[in-house]
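Overview (structure and organization)
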Amino acid sequence: MLTFLSRRLVSSVIALVGVVVVVFFLGRLTGSPAHLYLPQGASQEMVDNFNRTHGFNDPLWQQFVRFVGDVAQLDFGQSIWQQRPALTAVTSVFPQTLLLAVVAMSLSIAVAALLGCLAAARRFGPVDKLITFGSLACASIPDFWFALVGVLFLAVHLGVVPTSGQSDLSSWILPVATLMLTPVGVLTQVVRGAMIEALGSGYVQSARARGLAHRRLVYRHALRNAALPIISVAGDRAAGLVNGAVIVGTVFAWPGIGTVMVDAVLNRDFAVIQAGVFVIGLGIVLLNVLVDLTYAVADPRVRVS
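By convention here, each chain's residues receive numbers from 1 onward along its written sequence. Where totals are concerned, whole chains, interfaces and linings use all residues; where local detail is concerned, this predicted model gives features only for residues with pLDDT of at least 70, and gives and counts side-chain atom pairs only at 80 or more. To obtain the side-chain values, all non-hydrogen atoms of the structure were used and water was disregarded.

1. What to know about the overall build of the protein chain
A helix here means a DSSP run of H or I that spans at least four residues, while a strand means a run of E at least two residues long, and both kinds are numbered starting from the N terminus. Scanning the protein chain for helices and strands turns up 15 helices and zero strands. Only protein chains enter the accessibility calculation, which uses a 1.4 Å probe; a residue is then buried when its area is under 20% of its type maximum, exposed when over 50%, and partly exposed in between. Expressed as a percentage of the 305 residues in the protein chain, the buried residues total 39%. If you take every contact in the protein chain between residues at least 6 apart in sequence, the share linking residues at least 24 apart comes to 74%. We call two residues contacting when some pair of their heavy atoms lies within 4.5 Å.

Written as structure tokens, this is what we have:
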């Protein structure tokens with residue numbers, strides 16, 4: 001098990017380093033951000049001084065070597081836009097995004113597990129058809145469309161939730177619902193398929209013949225044995241919440257990493273972009289390790305192999 005985890009960790013770290021390097025070069029392809037920060041009609045001397053101050057006048061390979069040396073010390077440079085360390089600019093808002101993602105994913109797993117078990121227990125019945133239709137609809141609706149429609153009806157027309165920002169509990173409703181939309185739709189179908197297979201297995205049929213209570217049979221025994229594909233897809237969906245964080249930050253002005261990353265791209269703040277990619281990538285690496293550990297807890301066969 002430790003060998004497996006170490007291999008996964010090494011491969012994930014290599015992928016993380018590769019992504020950060022690619023982002024470094026892609027960012028530099030957009031050119032110097034001098035014209036965004038200097039007054040209109042600034043002289044060439046002002047532009048040269050700006051580039052010299054921020055190191056953009058050096059050859060690209062020298063900028064890259066300096067970048068690698070700084071990253072090795074967890075120093076991503078100074079944010080041009082916010083005038084503070086780039087890593088601080090990212091880590092100061094990351095907990096808000098992380099908390100939102102944890103809440104949304106926890107509720108998604110709970111709702112999907114309940115709906116998937118109900119659909120599997122009443123296979124091909126009206127409840128199953130209704131849940132299947134609803135889950136496919138949730139998985140098919142674009143997140144940004146749902147967010148905009150939610151703001152239009154619930155915030156603008158009905159006024160039951162705020163349009164943006166983070167104030168009271170009501171401000172969490174639309175962001176959480178937006179992040180839950182696709183995971184609930186996908187996970188419900190995964191739970192349903194895994195539970196149908198588990199409920200048709202021999203040990204379940206034997207337990208049913210001995211008179212074991214239906215609810216205990218479904219939610220305690222069959223669901224645990226169907227957990228591996230659910231955990232795998234849930235981990236993938238959780239990593240995909242990064243895209244949702246950008247949508248939530250843009251539509252709802254949520255004070256999280258999505259808003260910071262969008263503003264950094266618009267302002268060509270290379271240091272913040274690189275720090276954001278690193279923090280998000282590190283979070284995904286740790287999430288993958290957590291999924292592997294959860295595999296081992298859910299199925300002892302994984303620990304043995």
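2. Observations regarding a nonpolar patch on the surface
To count toward a patch, a residue needs a relative accessible area above 30% and no salt bridge. Like charges then connect within 9 Å, nonpolar side chains (Val, Leu, Ile, Met, Phe, Trp, Tyr) within 5 Å. For every accessible area listed, the method is Shrake-Rupley and the probe measures 1.4 Å; residues are considered covered only by the protein chains on display. The term salt bridge refers to a pairing of a side-chain nitrogen on Lys or Arg with a carboxyl oxygen on Asp or Glu at a separation within 4 Å. Among the surface-exposed residues, Leu152, Phe153, Leu154, Val156, Leu158 and Val160 lie close enough to one another that they form a single nonpolar patch of about 550 Å² accessible area. Within the secondary structure layout, Leu154 lies in helix 8 (residues 143–157).

3. Things to note about the side chain of Ser135
Assignment of secondary structure puts Ser135 in helix 7 (residues 126–140). Residue Ser135 is classed as buried on the basis of its relative accessible area, which comes to 4%. Contact partners of Ser135, with chain neighbours within four places excluded, come to Gly185, Thr188 and Gln189.

4. Here's the deal with the confidence of the model for the protein chain
On average, residues of the protein chain score 81 in pLDDT, and 89% of them reach the 70 mark or higher. No element of the protein chain has a lower mean pLDDT than helix 15 (residues 300–304), which averages 57, and none a higher one than helix 7, which averages 91. Each residue carries a pLDDT value, the predictor's own confidence for that position, ranging from 0 to 100.

5. Examining helix 3 (residues 44–54)
Considered for burial, the residues of helix 3 that qualify are Val47, Phe50 and Asn51. The arc enclosing the buried residues of helix 3, seen along the axis, measures out at 95°, which places them on a common side. Exposed positions of helix 3 whose direction lies more than 90 degrees from the buried face are Glu45 and Thr53. Against helix 2 (34–37) lie the buried residues of helix 3. Count one or two residues on from helix 3 and you reach Gly55, which has phi positive near 80°. This arc corresponds to the set of directions leading from the helix axis out to the C-beta atoms.

6. A closer look at the side chain of Arg192
Here Arg192 lies in helix 9 (residues 173–199). With a relative accessible area of 16%, Arg192 lands in the buried category.

7. A few points about the pattern of salt bridges
Summed over all chains, the structure comprises three salt bridges. Salt-bridge contacts for Asp58 lead to Arg66; the nearest nitrogen and oxygen are separated by 3.1 Å. Judged by relative accessible area, which is 36%, Arg66 ranks as partly exposed. Note that Asp236 is salt-bridged to Arg237, the shortest N-O span being 3.7 Å. The exposure class of Asp236 is partly exposed, given its relative accessible area of 47%.

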